[in-house]
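For reference, the chains in residue letters:
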Amino acid sequence: DFDYDNWCKNVARGRTFLSGGPIIHFSVEGHEIGDTLSISNPGTVEVEAWVESIFPVYQLEIVQEGKVVAAAHDKNGTRRLEIRDKIKIDGNTWLAARSGGPQYYDSMQHHDIWNRGIFAHTSPIYVACKDDWWMYDEEVAQYMLTMIEGDLAYIRGNSYQQKHSNVTHHHGHIDHVSYLEQPFLQAQEAVLGRLRNRR
């Protein structure tokens, strides 16, 4: 059922995509977005993706660690694109699907009549090759810490807050700012843990 508890559980499982309009689907060997697929040795995996949109989309791509490894295009724009393909896997990796307009990823030129970008990008599906899945990139970890610090600075200094006497928060905490900070502080500690352990 689509309810708040199930929504929270699936967000926590990584079953998410970001969209400026289109609906996008992605699976690897039948595994859904947010899953980890385990394979015993390097080889190939079957991927399936589709995108649907009321506004025309021009390309659908599968990306592996940020590099395009499969694509479907329609130079005139269409309301649906699909990909079924096999992708080579050499080691632990991640895969995701994305869609947009012509040169969308380079120039952000594809917009609707309100000048909003028309795009969609899934969260990843992870592939563990032989052992448990893990990947580590110190530059990415440092960038994430920078983003978290920016979010915390916004919450503490720029976000609009009502006086406590003017509002009742359903979360039950007296300090609303502290409540908002909590997931960012947890994320910060998780990333710092990765940096300490170098994985």
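Residues numbered from 1 in each chain as written. Predicted model: local features only at pLDDT ≥ 70, side-chain atom pairs only at ≥ 80, totals over all residues. Heavy atoms only, no water.

### Structural notes on the overall build of the protein
The line we're drawing: Labels follow the DSSP assignment, with helices taken as runs of H or I lasting at least four residues and strands as runs of E lasting at least two, numbered in each case from the N terminus. Contacts between residues were defined by any pair of non-hydrogen atoms, one from each residue, lying within 4.5 Å. Each accessible area is a Shrake-Rupley result for a 1.4 Å probe, and residues are judged covered by the shown protein chains and nothing else.
When helices and strands are counted, the protein shows 4 helices and 9 strands. Reading the protein from its N terminus to its C terminus gives the helix and strand order α-β-β-β-β-β-β-β-α-β-β-α-α. Nonlocal contacts in the protein, meaning residues at least 24 apart in sequence, comprise 65% of its contacts between residues at least 6 apart. By element, 50% of the accessible surface of the protein is carried by carbon and sulfur atoms, the whole surface being about 12,900 Å².

### Observations concerning the nonpolar core
We count it as follows: The term nonpolar core refers to a set of buried residues drawn from Ala, Val, Leu, Ile, Met, Phe, Trp, Tyr and Cys, joined through side-chain atoms within 4.5 Å. Only protein chains enter the calculation, and the probe is 1.4 Å; a residue is then buried if its accessible area is under 20% of its type maximum, exposed if over 50%, and partly exposed in between.
Of all hydrophobic cores here, the largest spans 26 residues; its most connected members are Phe26, Val28, Val45, Val47, Ile62 and Leu95. Elements represented by at least two residues in this core include exactly strand S2 (23-28), strand S4 (36-39), strand S5 (43-64), strand S6 (67-89), strand S7 (93-100) and strand S9 (125-129). The element contributing the most residues to this core is S5, with 7 residues. Within the second largest apolar cluster, 6 residues are counted, among which are Ala141, Leu145, Ile148 and Val191.

### So, the pairing of S6
Threshold: DSSP-based pairing: two strands are paired if at least 2 bridges between them are found.
Judged from the 17 bridges that link them, S5 and S6 form a sheet pairing that is antiparallel. The residue of S6 that forms the bridge with Thr44 is Lys88. Connecting S5 to the antiparallel partner S6 that follows it, the hairpin turn spans 2 residues, and Glu65 within it adopts a positive phi of roughly 50°.

### Regarding helix H1 (residues 4-12)
Selection rule: Two N or O atoms count as a polar contact when they lie within 3.5 Å, although within protein this holds only if one can serve as hydrogen donor and the other as acceptor, and sequence-adjacent residues are included solely when both atoms are side-chain atoms.
Two to three positions downstream of the cap, the backbone nitrogen of Asp5 sits 3.3 Å from a side-chain oxygen, assigning the N-cap of H1 to Asp3. Phi turns positive, to about 85°, at Gly14, one or two residues after H1.

### A short note on the pattern of salt bridges
A side chain with one charge may pair with a side chain of the opposite charge, provided their charged atoms come close. Defined as follows: Put simply, a salt bridge is a Lys or Arg side-chain nitrogen that is within 4 Å of an Asp or Glu carboxyl oxygen.
The tally for this structure, following the rule as stated, stands at 9 salt bridges. Close ionic contact of Glu48 with Arg84 constitutes a salt bridge, the shortest N to O distance being 3.4 Å. With Glu48 in strand S5 and Arg84 in strand S6, this pair connects stretches of sequence that are 36 residues apart.

### A look at the packing of aromatic side chains
This is how the line gets drawn: The criterion for an aromatic pair is that two Phe, Tyr or Trp rings (for Trp, the six-membered ring) have centres within 6.5 Å, with stacked assigned to planes under 30 degrees apart, edge-to-face to planes over 60 apart and tilted to the rest.
All chains considered together, the criterion is met by 1 aromatic pair. Between Tyr4 and Trp7 the ring centres are 6.0 Å apart and the planes differ by 25°, which places this aromatic pair in the stacked class. Highlighted residues: Tyr4 and Trp7, both in helix H1, separated by 3 residues, approximately one helical turn. Accessibility expressed as a relative area gives 59% for Tyr4, which makes it exposed.

### As for the packing of helix H3 (residues 138-157) against helix H4 (residues 176-197)
For clarity, the cut-off: For helices, the fitted line uses only the C-alpha atoms of the stretch in contact; every axis is such a line through C-alpha atoms, and the angle between N-to-C directions lies from 0 to 180 degrees. Here the angle decides the label: under 35 degrees means roughly parallel, over 145 means roughly antiparallel, 65 to 115 means roughly perpendicular, and every other value means oblique. A crossing counts as left-handed when the near helix is turned anticlockwise from the far one by less than a right angle, and as right-handed when that turn is clockwise. Polar here means any residue outside two lists: the nonpolar Ala, Val, Leu, Ile, Met, Phe, Trp, Tyr, Cys and Pro, and the charged Asp, Glu, Lys and Arg; Gly therefore counts as polar.
Their axes nearest at 10 Å, the elements H3 and H4 cross at an angle of 165°. What the angle tells us is that H3 and H4 run roughly antiparallel. When you trace H3 past H4, the crossing you get is left-handed. Residues Glu138, Ala141, Gln142, Met144, Leu145, Ile148, Glu149, Asp151, Leu152, Ile155 and Arg156 of H3 pack against Val177, Leu180, Glu181, Phe184, Leu185, Ala187, Gln188, Val191, Leu192 and Leu195 of H4. For the contact of H3 with H4, the residue count by class is 14 nonpolar, 2 polar and 5 charged.

### Overview of unusual backbone geometry
A positive phi is found at Glu29, a non-glycine position, where the angle reads about 50°. Tracing the sequence through the fold places Glu29 in the loop between S2 and strand S3 (31-32). The backbone phi angle of Glu65 is positive, close to 50°, even though this residue is not glycine. In this structure, Glu65 sits in the loop between S5 and S6.

### Brief notes about the pairing of S7
When you tally the buried positions in S7, you get 7 out of 8 residues, the bulk of the element. As paired strands, S5 and S7 are joined by 6 bridges and run antiparallel to one another. Within S7, the residue paired with Gln59 across the bridge is Gly100. In terms of strand pairing, S7 meets S9 through 3 bridges, oriented antiparallel. Directly across from Trp94, in S9, lies its bridge partner Tyr126. Here 3 bridges tie S7 to strand S8 (residues 119-122), and the two strands are oriented antiparallel to one another. Its bridge partner lying in S8, Arg98 is registered against His121.

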